[in-house]
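Structural characterization, general
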Amino acid sequence: MGDSPSRELLSLADDEGNSVSVNVLGRSSGWTAGLDAEIVVKTPFVSGRIDLALYVARLESWADALDRLDAGEDVAWMEMSSGPSIFIQLTGERDCPEVVVEDESGSMVTVRVPLVPPDGWIADHRERLRQVMDYWVPMLSG
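Because the structure is a prediction, the values reported are computed rather than measured.

Observations regarding the sheet that holds strand β1 (residues 8-13)
Spatial ordering of the open sheet is given by β1-β2-β3-β4, a layout of four strands whose pairing is antiparallel. Each edge of the open sheet is held by one strand with a lone partner, namely β1 and β4 (47-54). Direction aside, neighbouring strands of the sheet carry axes that sit 20° apart on average. One ladder, built from eight bridges, connects strand β2 (residues 19-27) with strand β3 (residues 35-42); its direction is antiparallel. In the strand pairing of β3, Ser-21 is matched with Val-40. Its contacts with the sheet put helix α1 (residues 56-70) on β1 and β4, and the angle it makes with β4 is roughly 115°.

Okay, structure coming up:
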């Protein structure tokens, strides 16, 4: 990976123009133990983004979520914390996988994005997480 920072922690998209991503923007200027990040939702109907704070415990909980997804379970990532939550349902309301982004503590908006992830997406996201952890976590204090 070299000196290039890994920025895409989560990137799910389909061939119909639906996507949800979590991008690391850099170290937080106001908190030495945190990273500034964003959740970006794009669909042919609605698009948006919301700021997100990441830190080691949230990254570790993403690893746990990937393990549960690999075991065939739906997951809620960052639920019951301040800021947005991401839910991944392997069989959603339309009988296909979907990602739900919920910002209950801020805008009170929920977006449900049906999409079929490509084969191997969980392994791909484990590698994305490893790259983010390897590059960014050593820079954090606390």
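A closer look at the packing of aromatic side chains
Scanning the model with the defined rule gives three aromatic pairs in all. Plain terms: the ring middles of Trp-62 and Trp-77 are 4.8 Å apart, the flat faces sit at 35° to each other, and that makes the pair tilted. Residue Trp-62 is located in helix α1, and its partner Trp-77 is located in strand β5 (residues 75-77); the two are separated by 15 residues in the primary sequence. Each member of the pair, Trp-62 together with Trp-77, is buried.

Some details on the sheet that holds strand β7 (residues 98-103)
Pairing is antiparallel in the open sheet, where four strands are placed in the order β5-β6-β7-β8. Strand pairing shows two members of the sheet lacking a second neighbour, β5 and β8 (109-114), which therefore form its edges. The mean inter-strand angle of the sheet, taken between neighbouring strand axes irrespective of direction, is 15°.

Conventions we followed
- Residues numbered from 1 in each chain as written.
- Predicted model: local features only at pLDDT ≥ 70, side-chain atom pairs only at ≥ 80, totals over all residues.
- Heavy atoms only, no water.
- Pairing = 2+ DSSP bridges.
- Helix = DSSP H or I, 4+ residues; strand = E, 2+ residues; numbered from the N terminus.
- Axes fitted to C-alpha atoms, helices over the stretch in contact; angles between N-to-C directions.
- Contact = heavy atoms within 4.5 Å.
- Phe/Tyr/Trp six-rings, centres within 6.5 Å; stacked < 30°, edge-to-face > 60°.
- Buried < 20%, exposed > 50% of the residue type's maximum accessible area, 1.4 Å probe, protein only.

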